[in-house]
Amino acid sequence: MNEFSNIRFIDLFAGIGGFRLGFEKLGCKCVFSSEINESCRKIYKMNYGDEPFGDITKIDARFIPDFDILCAGFPCQPFSICGKKRGFEDTRGTLFFDICRIIKEKSPSVVFLENVKHLIHHDGGKTFKTIIDSLENLGYNISYKILNSKDFGVAQSRERIIIIGTKTGFFDFDKLQKSKPVYIKDILDKNDSLTAEKFEFLKKDEYTLIEKYLVQKQESGLIFVGYRNKGTWKTGVRPHTEHLSRVHRQPNRIYSINGTHPTIPSQETSGRFWIYDEENDFVRKLTLNECYKLMGFPETFKRDTNRANAYKQLGNSVVIPMIYEIAHSILEQGFFGGKNGKFNAEREFGRTDFESQREFDFGA
């Protein structure tokens, strides 16, 4: 038996199962999942064999099987710089309190939350303080840190706030094992004849490369090298700054394959992510397959056949290798009453049959 096979977790706001992939790779068992989006639920079922329950607000926490770890990448739109940043005024923002409701009822050993980094600054820090205070009032010791996926073996700079709540001790982020840098060139499809989609190249007159002396590798690993020659709005644009509005819109930016890729957003449902191969002197769009690689999904992952859905699902997902490393460190640091949670091996869980709960109205 795997040393972590007795550890049970639940997957809330599950999306297409990024948390689940990370924990199951370690041998842990998912005993409950919830996701309201219908297309995500279909993909989840295709890959894991069970369909998540629906609206979390309709779930009676009493009937969720006992578990050790609560995982939730709760909706980030209310806190994201891409959204209106209304926080708890937005209905989605209040879904955090459904997490608290489940925690209060089930009292898991560990709470593992993920969100956009802007959450920590939203409303002058008041929103984040409310979240931390709520978790502490439920009896948890809280540790948090902004992590970047580029440090965990993927070629994407994607910063996220990670919040870990534990009943005993504090989670130590310094024990996470970082990986050597990976760049866009390392994950590219070598030949489009081996993929389901053809490479989409830009013609020379369709893009502009900036002067080499202006090209600098950023701390994030990004190397911005140019932009597409797309028409853009004119109103309010100062003379000789027209290119800036092009640059500031991600679908127009071009990045060197010798660096990392910027965050894949959920709003870009056409997959307009452009890369420059300096050695071969061409600009092309990333394939959808390459975007899955940037998120750390395995080649065997079954995908949505609707490309817009697939891009949105990726943008809303978590980066698998980063989740895996955090999960591994949680298990190794031992917050389950004994090292690696081995105390759980003989315990009674009561009603744990996931399927037997379908008699209740979970909004599935």
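For clarity, every value in this text was computed on a predicted model and none was experimentally measured.

**Focus: the packing of helix α7 (residues 288-295) against helix α8 (residues 307-315)**
When two helices pack together, their arrangement is captured by the angle between the axes and the distance separating the axes. The N-to-C vectors of α7 and α8 enclose an angle of 15°; their axes lie 10 Å apart at closest approach. Our classification of the angle between α7 and α8 gives roughly parallel. The interaxial crossing formed by α7 with α8 has left-handed handedness. When α7 is examined against α8, the residues Leu-288, Cys-291, Tyr-292 and Met-295 are found in contact with a partner set consisting of Arg-307, Ala-310, Tyr-311 and Leu-314. Across the contact of α7 with α8, the residue classes tally to seven nonpolar, no polar and one charged.

**Some points on the sheet that holds strand β7 (residues 207-209)**
Strand order in the open sheet made by the five strands is β7-β8-β9-β10-β11, with mixed pairing throughout. Each of the sheet's edge strands pairs with one partner strand only, and the pair in question is β7 and β11 (282-285). Here the average twist between neighbouring strands, direction ignored, is 30°. Pairing of strand β8 (residues 224-228) with strand β9 (residues 253-256), which is carried by three bridges, proceeds in the antiparallel orientation. In the sheet register, Tyr-227 faces β9, and the bridge partner there is Arg-253.

**Some points on the sheet that holds strand β1 (residues 8-12)**
Strands sit in the order β2-β1-β3-β4-β6-β5 across an open sheet of six strands; the sheet is mixed. A single partner strand is all that each edge strand has here, and the edge strands are β2 (29-34) and β5 (141-148). Pairs of neighbouring strands in the sheet enclose a mean axial angle of 20°, with direction left out of account. Strand direction decides the pairing type here: strand β3 (residues 69-72) and strand β4 (residues 110-116), joined by four bridges, are parallel. When the sheet's bridge partners are listed, Ile-69 is paired in β4 with Val-110.

**Describing the confidence of the model for the chain**
Summary statistics for the chain give a mean pLDDT of 84 and a share of 80% for residues scoring 70 or more. Of the regions scoring below 50 in pLDDT, residues 338-364 engages in 62 contacts with residues more than four places distant in sequence or in other chains.

**Details of the side chain of Asp-50**
Position of Asp-50 among the secondary structure elements: in the loop between α2 (38-48) and β3. Of the polar contacts made by the side chain of Asp-50, one reaches the side chain of Arg-20; its length is 3.1 Å.

**Thoughts on the environment of Phe-199**
The topology assignment puts Phe-199 in the loop between α5 (184-187) and β7. As a C-alpha pair, Phe-199 and Asp-189 span ten residues in sequence and 9.3 Å in three-dimensional space.

**Comments concerning unusual backbone geometry**
Of note in the backbone geometry, Phe-13 takes a positive phi value of approximately 50° without being a glycine. Looking at the secondary structure, you find Phe-13 in the loop between β1 and α1 (18-24). Backbone geometry places Asp-123, a non-glycine residue, at a positive phi of 55°. Mapping Asp-123 onto the fold places it in the loop between β4 and α4 (126-137). For Asp-123, a relative accessible area of 49% puts it in the partly exposed group.

**Concerning α4**
Look at α4: 16 Å from first C-alpha to last across twelve residues, which is about the 16 Å you get at 1.5 Å a residue. Buried within α4 we find Thr-127, Phe-128, Ile-131, Ile-132, Ser-134 and Leu-135. Buried residues of α4, seen end-on, are gathered within an arc of 160° and therefore sit on one face of the element. Turned more than 90 degrees off the buried face of α4, the exposed positions are Lys-126, Lys-129 and Asn-137. Residues of α4 that are buried sit in contact with α3 (96-106), β4, β5 and β6 (159-166). Phi turns positive, to about 100°, at Gly-139, one or two residues after α4.

Scoring rules and cut-offs
- Residues numbered from 1 in each chain as written.
- Predicted model: local features only at pLDDT ≥ 70, side-chain atom pairs only at ≥ 80, totals over all residues.
- Heavy atoms only, no water.
- Axes fitted to C-alpha atoms, helices over the stretch in contact; angles between N-to-C directions.
- Helix = DSSP H or I, 4+ residues; strand = E, 2+ residues; numbered from the N terminus.
- Parallel < 35°, antiparallel > 145°, perpendicular 65-115°, else oblique.
- Left-handed = near helix turned anticlockwise from the far one by under 90°.
- Contact = heavy atoms within 4.5 Å.
- Nonpolar A, V, L, I, M, F, W, Y, C, P; charged D, E, K, R; others polar.
- Pairing = 2+ DSSP bridges.
- pLDDT = per-residue confidence, 0-100.
- Polar contact = N/O pair within 3.5 Å; in protein donor to acceptor, adjacent residues only side chain to side chain.
- Buried < 20%, exposed > 50% of the residue type's maximum accessible area, 1.4 Å probe, protein only.
- Expected span 1.5 Å × (residues − 1).
- Arc of directions from axis to C-beta.

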